[in-house]
Structures are given as C-alpha cells and as structure tokens.
Amino acid sequence: MVQLDITMIENEEERDPSVIGTIYGDVGTNSFKFSMVGHAERSDYITVEHPDCGPVLCQIDSIIRKSNYTLDRSLERDGGRIDEKVIASATVIGYRDSNGLLNTPRTPFAVGCDVRLSDAQFIKKVLGLKDDTRTCAYIGMLRNYDLRIMLDINSMVQRHVSVLAKTGGGKSYVSGDIVEELMKHGVTCMIVDPHGEYGAMRDAADGKEDIRFGVSPRSYRESMVEFGMDESGDIHPLRFTLRSLDAKDIMELCSSSDSKTSVLALSKAIENVKAKKDFYDIKDLIDEVSSIDSARHYALIRDLQLLDSLHLFAQKGNSLTDLVQKGKTTVINLKGYSPDIQQIVVRRLGTMLFEMRKAERIPPMMLVLEEAHNYCPQTESTACKKSLITIASEGRKFGLGLMVISQRPAKIDKNVLSQCGTQIILKVTNPNDLKAISASVEGLTGGMEQDISGMPIGTAMIIGAGIQTPLLVDVRPRETRHGGASVQVLEDDDDE
Ligand SMILES: Nc1ncnc2c1ncn2[C@@H]1O[C@H](COP(=O)(O)OP(=O)(O)OP(=O)(O)O)[C@@H](O)[C@H]1O
Ligand SMILES: [Mg+2]
C-alpha cells in the first residue's frame, strides 16, 4: 500500500466538540449538504438550529470523501500530500411546533450553520416515539442510540403487520419477539407455523441477561398451546371435521385426479353418509364409496385411505375453546402436512377466526402467518387466499389482526401486503422484492432501499405502529428459544 500523507482540510480555529459539520452550498427546505469534521454514519440523526423554528431534527443520507488523489495519481502510486474533505447530505425531518405537531421549516437553514449529533431525548420527542409499556411492544433499540423502540400493539392488531426479509434474514426471530410481547400483554394470538419452529418458545433462551437491551431469558410455557401432527409431549392432535368440505375439496386434499366419475362417486357417498349421520369421518366415506363400486373406484379409495392416515379429519374436531384461548398463543404446527392440506387448514382457521370474531365469540387477536407467500400468492389461487384477503381488508373492523411473514414480498398478493400498516423489513437483496417493498411502504427513499439491501442480521427497518418515519432498529434478543436457528453443516473446532 502506498504511504499517503493525508491532510483533512478544516478550519484551523478551536471547534466545539459537539459540532460535526457546517452547512454549505445550496440549501433547500427538505435537504442540504454539510462539510463533516467529526464522526457520524449514514442514517445518524443530526440537529441544526433554525432561526425561526429552533432545533430541527435531520438525518444523514450519504457521506462522501472528496480528495485530490486522482486516478492518475493512484496509478502512479504517488505518495505525496493529499488534501481530503468529507461532505454529507442530509434530509430534514422536522421539529415539534407549539401544538406538539411534527412540522418542517418553511425557509432553508443559513449556510455556515453548525451541525450537531442529536441526543436520544430530542430524537424521541421529534419522532414522537412511544414508551408506554402497558400498550406497546418492546422490539429493540434505535440503531446507534440508547433509545428503546416500542410498537403500539393496538395499531399492530388493527392495521396488520408484515415482516419481510430474504431467507435467513431474521424474520422468524423478530416475529418471535413480537409474539413474546403479545403474550406478555395478554393478547390472544394464533401462529400458522409450517416448519414447527414456534413450539420452542415454551423454553427460555440460553444465556444470561443482555445488558444493552435489558432482556433476560424467560419461558412462556404457561401462555402457549400447540396443535399438530406429531402428538408427542406438548403437541395436541390437530383435528377437523369433514362437514364443510365438498367432494372437490376432498379430491384436492388427496391430490386425486378428479375424474368426473370419482367426483360423482364421492359426492354421492357424502350425500349418503350425511343422510345417516351428523358426524362422519374419512372411514365412513371409504365404506360408502366401496359399497357403491369398490373395484371401479379403487384409486379414489386408495387416496382416501392415504388422507385418513394423516388423522387430520375426525368425527369430532378441535373445539373453538381449545383452539383460541384468551390471552394465550396457539401454535398450529403444520410440519408434515402437504401444501394442499396446509392451505385447507389455513382456510378453515382463517374463516373460523373471522366469523367468530365478527360474532364476538373470541377475543380480539392476531393471526401470524409464516411463509405467507405460500398461502396468499400474487399469481396463483389457493384454497385459503380468499379468506386471508378478507381478513386483511376487513379484519381491522373486528379486531382480527394479521401478521404476514415472507421471504418473497414480490410473490405475496398485493391486496394483502398493501393492507399492512406496520412493516418490519430486514435484509432484502432481490431487486423485485425491493420493488414490492417500495410499492407498499410510504416514505421509503432510494437511500433506504440501499440500507435494506446492506443491513446486517439483527437490524430492521420499521415503520408504522406509532412510528411515522422509517427507523433502523437493532432487534432485541429473544427471551425464548428460537426454533429456526440455521443448521451447521460442520462443527466448530471449539465445540470439541
Ligand atoms: N436479531 C437477531 N439477533 C441474533 N441472531 C439473529 C437475529 N435475527 C436472526 N438471527 C439468527 O439468524 C438466523 C436466521 O434467523 P431466522 O430463522 O429468523 O431467519 P428467517 O428470516 O426466518 O429465515 P427463513 O426464511 O429461512 O425462515 C438464526 O440462526 C437466528 O438465530
Ligand atoms: Mg423463518
């Protein structure tokens, strides 16, 4: 490396250490540039005094180091003196006026104004950050600041939430944080968990208290109930009745080739069984189809037997009071079920929660949907898409919130994504996904898109639920065990 003699060009006179720069050049009312002398990073908050409005909160958009070290000089590996300046551009966020409202100055700052790093209390005041632990969920700390970020729980449930990131970006981790907060606040919740990750929340996380975040490991065993296929230990059997399924639905579930004769035979069998019994199961249907013509409907009978082996359908299904318990979180563990079956389960649950909430037979609650692109995709139709769109567009009126979690924002139905009033965005790099996010998030600038693609694991951009401008947040550690930890292919040496 060439030994360089770099000289920062700055004012020689003694400077106030809290000042990190000076405004210069053309100054607008929304943005300005300043020469930077102290240390600051992109997205940091700065304060500038305005003659009419007092201190105004601004945010650094970009920082550029300018020098006279040209391409030619670098090629010559010139080790001579280099003059260097650092300039930054900033966006004006605003100030609280005498009525406590967020306002922006109508005239530009003067050139030559000092730029200072903002203190946490001023940021909190101008951004209007909430801190009521009774009604808010603690999600993390403002990046680079000692400032807790709390999300308004009512607004999350009323206006829905989306959690978006590429795979391994930390979606399930931060969603677990939110579910912990919902349980802490006694908010009823149901999680559609296709990978069987959330049952781990019964256990406290490993390790000790995290001092920066003030979070200690804790178990939520008493606040959770889980249903699924694997009936071991803590998991209760998931059972539905067949009553609301018609022949076509059942054929879909068994991935049966729905030839006309099979559909007709099954319809007839359902009709016959219904005439005899109020409650029936798949075995009853098999008996009935066999009695019609077992040789002819051999393939149908075999598919029904396969469906029966999942034990998902029974004469008596899970009752509403089992599935939704006030103040508790119900995990619907769908691990082991095929995509078609998962969709039917989600449709049943979605429709049931919506109808029961409308009739006020269950408390206001949040439905958490992992891998949402599989249940309400943009292009294809699925068994459950309609019921999810209904919840997204009408759930608000009835206190039924939806939290959609996805690694492919571009593939989720726009009707669902655009209804989410709170967005939690972690690292996303796919250009189509970034486009889908920009389209559904108000106030996202080009610089923020860049932030999203470069964010480290553990940092989220959050907007909504009481937060009016997108904030970069260091997500708090989990109290409970995270069930979705990445699997190591090779053991670390120090594990030996
Ligand atoms: N805030 C965080 N602090 C510490 N570790 C984290 C954080 N967020 C995520 N991780 C770690 O990153 C890994 C991936 O996180 P997570 O399982 O939440 O990703 P994901 O986005 O849900 O991925 P997938 O799309 O595969 O489900 C996990 O091992 C988790 O422990
Ligand atoms: Mg996940």
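Residues numbered from 1 in each chain as written. Chains lettered and ligands numbered in written order. Predicted model: local features only at pLDDT ≥ 70, side-chain atom pairs only at ≥ 80, totals over all residues. Heavy atoms only, no water.

1. Looking at helix α4 (residues 171–184)
Over its 14 residues, α4 runs 20 Å from end to end, which matches the ideal 20 Å to within 8%, given 1.5 Å per residue. The element α4 is extensively covered by neighbouring structure, given that 12 of its 14 residues are classed as buried. By the burial criterion, the buried members of α4 are K171, S172, V174, S175, G176, D177, I178, V179, E180, E181, L182 and M183. (Helix = DSSP H or I, 4+ residues; strand = E, 2+ residues; numbered from the N terminus. Expected span 1.5 Å × (residues − 1). Buried < 20%, exposed > 50% of the residue type's maximum accessible area, 1.4 Å probe, protein only.)

2. Side note on the site of ligand 1
By nearness alone, 16 residues border ligand 1, and T167, G168, K171, S172 and Y173 come closest of all. The backbone of G168 places a nitrogen or oxygen atom 2.8 Å from an oxygen atom of ligand 1. Y173 is positioned such that a nitrogen or oxygen atom in its backbone is 2.9 Å from an oxygen atom of ligand 1. In isolation ligand 1 has 630 Å² of accessible area, and contact with the protein removes 76% of it. Per-element tally for the shell around ligand 1: the top contributor is α4, with 3 residues. (Near = heavy atom within 4 Å. Polar contact = N/O pair within 3.5 Å; in protein donor to acceptor, adjacent residues only side chain to side chain. Areas by Shrake-Rupley, 256 points an atom, 1.4 Å probe, with all protein chains shown as cover.)

3. A closer look at the pairing of strand β4 (residues 45–50)
By the criterion of burial, β4 is predominantly enclosed, with 5 of the 6 residues buried. In the sheet, β4 pairs with strand β5 (residues 54–67) via 6 bridges, with the strands oriented antiparallel. Counted as the bridge partner of H50 is G54 from β5. Relative to strand β8 (residues 114–117), β4 is paired through 2 bridges, and the arrangement is antiparallel. In the sheet register, T47 faces β8, and the bridge partner there is R116. (Pairing = 2+ DSSP bridges.)

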